[in-house]
Amino acid sequence: MNAETGQSALQEAAKRNLWLHFTRHSGYANADIPIIVRGEGQYVYDQHGKRYLDGLAGLFVSQIGHGRREVAEAGARQAAELAYFPLWSYAHPRAVELAERLAGQAPGDLNRVFFTTSGSEAVESAWKLAKQYFKLSGEPSRYKVLSRYIAYHGTSHGALAVTGLPDIKIPFEPLPPGGVRVPNTNFYRAPNFVADDITAFGVWAADEIERAILREGPQSVAAVYLEPVQNSGGCFPPPPGYFQRVREICDTYGVLMVSDEVICAFGRLGYMFGCERYGYTPDIITFAKGVTSGYSPMGGMMVSDRLMEPYLKDQHTFLHGVTFAGHPVSCAVALANLDVFEKEDLLGNVRSNEGAFRATLEKLNDLPIVGDVRGDGYFYGIELVKDKATRLTFDDAESERLLRGFLSHALFDAGLICRADDRGDPVIQLSPPLTCTQEHFDEMEGILRGVLTEAWSHI
Ligand SMILES: Cc1ncc(COP(=O)(O)O)c(C=O)c1O
């Protein structure tokens, strides 16, 4: 402890040397940076020993929860046996085993795995795969990608061009050309002409994809990126029939359907892959996060043999790769993580408890600030409003005061890690470890009730 500043050496070094991601550092000028030092099950602990319920699974990552020795030890054993070898012209056993296991679990004919180290790399790799695929298949003019308003698909330049959040794109423009936006599936904010009929809303939102393809010229469109449940904006599940209609549209115009499952795969929605829940088979699945539950970084994409086929002929090569993709330690950890899924039937746990999770969160509907509670599986958004009857949202200044000025700190201080976000309308998001049960749902609801009640008194 520094006697003059009263801060620990770790805190001082954090402020002096560490650059946090997506963080307004001025917010920590007169406040401590929270330092999380360990985790156990559904909880994490800060440097003072205070416990927090990890209602966001870190960042939609820690599916099996924290502190699993068997998964950590699988990584350590692999590091001792073969710490590193690239997937550039070579294979190693854990990458092969993991690819085979994922292929066995993926829907439809998706059976080829290309590993990356992150979700952004997966999203970007899928775009590059699509572009080169079309060049090799005699349709070289296809390069554009469609994605939905305020959807987040990552931060590298290519992934950012797919992302639909203007505020995080503008500082980095110009981005690679070809990103085109289509409506998302926020039924709470549906246009008036379909606001009373969720099926009609879904048809309209899907048909907007067709209209965008026609507007851009079908021969220029390579892919459409969709999350099973859109995260950014606060968990928008698909309306009934939406994905079936999108699949039809993609087939009609020869556009590849990419299911960006960086959040929604690996049990988040009670299925290994989110697309299974909604009954569609995409051409590409991008994944990351939950594949290792965060015990080591990993991402990837799964594709069908059809997409691989042109790359198997002649001298063609997918001219793309990254040093640490399919890292042996990450592959070993992913396999151990999937063992936990099986041993503890985590998919079953989500499916049998998701109704109780929803019902517990829906109790918050009696608060005047809660406009909408939405989501599926263990993935929920709570939209906050100024007026429940009219669904009036907060203006920018109010949102700033409410979310950054009060809610984020108050929820954390009350012992709940979740996300207060205003990249769309203000929402609180929950995405807890898949091991959570009623006691954790009650704890989340209790903390949210207290803090949201106080928030209302500040408005
Ligand atoms: C749907 C989706 N795609 C891509 C990404 C980018 O993943 P990463 O942060 O691992 O690059 C994210 C991250 O949250 C995501 O939610």
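Everything below is about the structure shown above.
Residues numbered from 1 in each chain as written. Predicted model: local features only at pLDDT ≥ 70, side-chain atom pairs only at ≥ 80, totals over all residues. Heavy atoms only, no water.

K.L.:
Explain the layout of surface pockets here, please?
P.N.:
For the second largest pocket, the calculated volume is near 750 Å³. Forming the walls of the second largest pocket are 25 residues, and the residues nearest its centre are Leu87, Val113, Phe114, Phe115 and Met308. Breaking the lining of the second largest pocket down by element, the ones donating at least two residues are helix H4 (93–105), strand S4 (110–116) and strand S10 (299–304). Counting residues per element, the lining of the second largest pocket draws most heavily on S4, at five residues. In terms of residue class, the lining of the second largest pocket is made up of 18 nonpolar, six polar and one charged. (1 Å grid on protein atoms, 1.4 Å probe; cavity = no way out; pocket = protein on both sides within 12 Å on 5 of 7 lines; lining within 4 Å. Points joined across faces, edges and corners; volume = space filled by probe spheres on them. Helix = DSSP H or I, 4+ residues; strand = E, 2+ residues; numbered from the N terminus. Nonpolar A, V, L, I, M, F, W, Y, C, P; charged D, E, K, R; others polar.)

K.L.:
What's the story with helix H12 (residues 328–343) in this structure? I'm lost.
P.N.:
Its 16 residues place the ends of H12 23 Å apart at the C-alpha level, agreeing with the 22 Å of an ideal helix rising 1.5 Å per residue. Among the 16 residues in H12, 13 count as buried, and that is most of the element. (Expected span 1.5 Å × (residues − 1). Buried < 20%, exposed > 50% of the residue type's maximum accessible area, 1.4 Å probe, protein only.)

K.L.:
Please clarify how the sheet that holds strand S9 (residues 284–287) should be interpreted in this entry.
P.N.:
Neighbouring strands of a sheet are bound in pairs by backbone hydrogen bonds; such pairs are parallel or else antiparallel. Taken together, seven strands build an open sheet; the order of strands is S4-S10-S9-S8-S7-S5-S6 and the sheet is mixed. Two strands close off the open sheet at either side, each with one partner strand: S4 and strand S6 (179–182). Along the sheet, successive strands turn relative to each other by an average axial angle of 25°, direction set aside. The pairing of S9 with S10 spans four bridges and is classified as antiparallel. What sits directly across from Ile285, in S10, is Met302. (Pairing = 2+ DSSP bridges. Axes fitted to C-alpha atoms, helices over the stretch in contact; angles between N-to-C directions.)

K.L.:
Hey, could you run me through the pattern of salt bridges in this one?
P.N.:
Pairs can form between side chains of opposite charge whenever their charged atoms are close. The full count for this structure, using the stated rule, is 34 salt bridges. Notably, a salt bridge pairs Arg189 with Glu383, separated by 2.7 Å at the nearest N-O pair. Residue Arg189 is found in the loop between S6 and helix H8 (198–216), and its partner Glu383 is found in strand S12 (residues 379–384); the two are separated by 194 residues along the sequence. Classification of Arg189 as partly exposed rests on a relative accessible area of 29%. Judged by its relative accessible area of 0%, Glu383 is buried. With its nearest N and O atoms 3.1 Å apart, the salt bridge here joins Glu210 to Arg245. With a gap of 35 residues between them, Glu210 in helix H8 and Arg245 in helix H9 (residues 242–253) connect regions that are remote in the sequence. Bridged by salt links that share partners, the residues Arg189, Asp372, Arg374, Glu383 and Asp425 form one connected network. (Salt bridge = Lys/Arg side-chain N within 4 Å of Asp/Glu carboxyl O.)

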